[in-house]
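# Results of the structural survey
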2 protein chains.
Amino acid sequence: MQFDPTLYLVTDSTGRTDEDFLAIVERACEGGVTLLQLREKERDGRDYLRLAKRVKAVAARFHIPLLLDDRVDVAFAAGADGVHVGQSDLPVSEARRILGPDKIVGATAKTVPQALEAFEQGADYLGTGAIFPTTTHVKTVLTPVSTLCAVCRAVPIPVVAIGGLNAGNLSVLEGAPIAGVAVVSAIMKADDPKAAAEELLRKVRALKAGTR
Amino acid sequence: MQFDPTLYLVTDSTGRTDEDFLAIVERACEGGVTLLQLREKERDGRDYLRLAKRVKAVAARFHIPLLLDDRVDVAFAAGADGVHVGQSDLPVSEARRILGPDKIVGATAKTVPQALEAFEQGADYLGTGAIFPTTTHVKTVLTPVSTLCAVCRAVPIPVVAIGGLNAGNLSVLEGAPIAGVAVVSAIMKADDPKAAAEELLRKVRALKAGTR
């Protein structure tokens, strides 16, 4: 299915009530998020499904595709638009086999070989990083911007940059042929998630325009 | 698909190398285990899949169906014979929708209402307990044998008793119309898993014969 990865919000509900969390997601959608990923590492399947259905209802109102992190079965059950798998999750090929050809399957690729493997297995897009250290993935190895650029050139699918990116440091990506930017904290921890999304969308669009 | 729940081994690989774990599973299969569940709460999807494929190869040699705990997507990817879902996992109906009508979907039901719900959603069997305290589920609420009997009578599908059961305490189940007994430690922690499975199989068969 069609999707626009320009401003990709990866959520984090840690330490929040579901209501507060959903309110932040809704504000971010109002601000112009173009793609949404629900990432829940601690929830059991049933609880993850319950929350996914609620987020799906919000995303659907804004016509924003919702992907789930890791759990292909929960994504299927929730009627999500797809899944994002990391290097320790099920392979892209298995996610694709469960979800079928019409859903979005994205993958984390930190290197060119990982990018080629994910593409060959049927990934629709790649997330590459971490560009900067993050609070959500504390042990993450950083990916240099030169590697990000090599990944972009190695595969014919969209590549989004991820990892510690915010409105203040996006300039490191100038000239990189990315399709978008994925953020967690820059929106989820913003005082005003809508304003944060608006500013990020403006800046990412400018970045992308500059690379054409 | 057809299955015999008489002696249902639920595995626990904690603290073991994969090789040691697989050797125990193989010995247990030799001893007469009739149904096998791989339960891995700590592994990531890809690692769970890798181990599941190895266990599947062992189980297939003995023509013993292999179910996976919780992860319906990993069960699908591994070509397992089905899945077992607890009350905090995906609902039976969703597991059934992903795996299709031919795979085995089992569910934990601690009460008659839970049993009826799981049956109505398409469960092929129920696991009911814990009959005794267990080391694998430390916070589990115990299910009295009278409730186990009520569950057996409430649904037309096989019900297996689970929770701290071993060759020395099976007699508490005398007269209960169970289809089988599920064990973890009684086999996984036995000095001789094959001999333990043989003794358990003999005793469970005697139990079932006595209830006819």
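Residues numbered from 1 in each chain as written. Chains lettered and ligands numbered in written order. Predicted model: local features only at pLDDT ≥ 70, side-chain atom pairs only at ≥ 80, totals over all residues. Heavy atoms only, no water.

Right, let's get into the sheet that holds strand β6 (residues 125–128) of chain B. Residue and element names in this part refer to chain B. Reading around the circumference, β1-β2-β3-β4-β5-β6-β7-β8 is the order of the 8 strands in this closed barrel, with parallel pairing throughout. Taking the axes of each pair of neighbouring strands and ignoring which way they run, one obtains an average angle of 25° across the sheet. The pairing of strand β3 (residues 66–69) with strand β4 (residues 82–85) spans 3 bridges and is classified as parallel. Looking at β4, one finds that aspartate 69 is bridged to histidine 84. (Pairing = 2+ DSSP bridges. Helix = DSSP H or I, 4+ residues; strand = E, 2+ residues; numbered from the N terminus. Axes fitted to C-alpha atoms, helices over the stretch in contact; angles between N-to-C directions.)

Here we take up the interface of chain A and chain B. Tallying the contact residues gives 20 residues for chain A and 20 residues for chain B. Carbon and sulfur atoms make up 53% of the surface buried where chain A meets chain B, a total of about 1900 Å² over both sides. Viewed at the interface, chain B and chain A are joined by 2 salt bridges. The shortest N-O distance in the salt bridge between arginine 71 of chain A and aspartate 70 of chain B comes to 3.4 Å. (Contact = heavy atoms within 4.5 Å. Buried area = accessible area lost by both parts, 1.4 Å probe. Salt bridge = Lys/Arg side-chain N within 4 Å of Asp/Glu carboxyl O.)

Turning our attention to the packing of helix α1 (residues 18–31) of chain A against helix α8 (residues 193–210) of chain A. Residues and elements named next belong to chain A. At a minimum axis distance of 7 Å, the contact between α1 and α8 shows a crossing angle of 35°. Regarding α1 and α8, the two cross each other, and that crossing is right-handed. Contact residues: Ile24, Arg27, Ala28, Glu30 and Gly31 in α1; Pro193, Lys194, Ala197, Glu198 and Leu201 in α8. (Left-handed = near helix turned anticlockwise from the far one by under 90°.)

Ranked by internal contacts, the top residues of the largest apolar core, which has 154 residues, are Leu126, Leu173 and Ile187 of chain A together with Leu126, Leu173 and Ile187 of chain B. In this view, leucine 126 of chain A contacts Ala107, Ala109, Ala115, Ala118, Val151, Val155, Ile157, Pro158, Val159 and Val160 of chain A; residues no more than four positions away in its chain are not counted. (Core = buried A, V, L, I, M, F, W, Y, C linked by side-chain atoms within 4.5 Å. Buried < 20%, exposed > 50% of the residue type's maximum accessible area, 1.4 Å probe, protein only.)

Residue and element names in this part refer to chain A. One pass over the full model with this rule turns up 4 aromatic pairs over all chains. Between tyrosine 8 and tyrosine 125 the ring centres are 5.6 Å apart and the planes differ by 80°, which places this aromatic pair in the edge-to-face class. Within this pair, whereas tyrosine 8 is found in strand β1 (residues 7–10), its partner tyrosine 125 is found in strand β6 (residues 125–129), the two being separated by 117 residues in sequence. The same class applies to tyrosine 8 and to tyrosine 125, which are both buried. (Phe/Tyr/Trp six-rings, centres within 6.5 Å; stacked < 30°, edge-to-face > 60°.)

This next bit is on the side chain of aspartate 12 of chain A. Residue and element names in this part refer to chain A. By secondary structure assignment, the location of aspartate 12 is in the loop between β1 and α1. Within the buried core, aspartate 12 has no salt-bridge partner, and the shortest N-O distance to an opposite charge, that of lysine 189, equals 5.5 Å. In terms of polar contacts, aspartate 12 uses its side chain to reach the side chain of threonine 14, at 2.5 Å. If we skip the residues at most four places from it in the chain, aspartate 12 touches Phe21, Thr136, Val184 and Met188. (Lys, Arg positive; Asp, Glu negative; His and termini not counted. Polar contact = N/O pair within 3.5 Å; in protein donor to acceptor, adjacent residues only side chain to side chain.)

Let us look at the confidence of the model for chain A. Here chain A averages 96 in pLDDT, and 98% of its residues register 70 or above. Two numbers describe this predicted complex: its pTM, 0.95, and its ipTM, 0.93. (pLDDT = per-residue confidence, 0-100.)

On to the pairing of strand β3 (residues 66–69) of chain A. All names here are of chain A. Neither face of β3 is open: one carries Leu66 and Leu68, the other Leu67 and Asp69, and all of them are buried. Bridge count between strand β2 (residues 35–38) and β3: 3 bridges; the pairing is parallel. Along β3, the bridge assignment pairs glutamine 37 with leucine 67. Read as a crossover between parallel neighbours, the route from β2 over helix α2 (residues 45–61) to β3 is right-handed. (Right-handed = clockwise from strand over helix to strand, strands pointing away.)

In this section: the environment of tyrosine 48 of chain A. Residue and element names in this part refer to chain A. Residue placement: tyrosine 48 occurs in helix α2. Assessed through its relative accessible area of 1%, tyrosine 48 is described here as buried. Sequence-wise, tyrosine 48 and valine 159 are 111 residues apart; in three dimensions their C-alpha atoms are separated by 27 Å. Apart from residues no more than four positions distant in its own chain, tyrosine 48 is found in contact with Leu38, Arg39, Glu40, Arg43, Leu68, Asp69, Arg71 and Val74.

Quick look at the pattern of salt bridges now. Enumeration over the complete set of coordinates arrives at 32 salt bridges over all chains. One network of salt bridges, in which partners are shared, links Asp18, Glu40, Arg43, Asp47 and Arg50 of chain A.

Let's shift gears to the sheet that holds β2 of chain A. Residue and element names in this part refer to chain A. Pairing is parallel in the closed barrel, where 8 strands are placed in the order β1-β2-β3-β4-β5-β6-β7-β8. On average, adjacent strands in this sheet sit at an angle of 25° to one another, irrespective of strand direction. Here helix α6 (residues 145–154) sits on the sheet in contact with β6 and β7 (159–162), set at roughly 165° to β7. Of the strands in this sheet, β1 and β8 (180–183) are in contact with α8, which crosses β8 at around 150°.

Attention now moves to the relation of the copies chain A and chain B. One copy of the chain maps onto the second through a rotation about an axis and a displacement along it. Mapping chain A onto chain B calls for a screw motion: a turn of 180° about the axis and a shift of 0.0 Å along it, with 0.0 Å RMSD after fitting. In the structure described here, the two chain copies are related by an operation that fits a two-fold rotation axis. Ranked by how close their C-alpha atoms come to the rotation axis, the residues of chain A are headed by aspartate 73 of chain A, at 2.4 Å. Looking at the interface residues of chain A, 100% of them are also at the interface in chain B, so both copies use one shared face. (Least-squares fit on C-alpha atoms with pLDDT ≥ 70 in both.)

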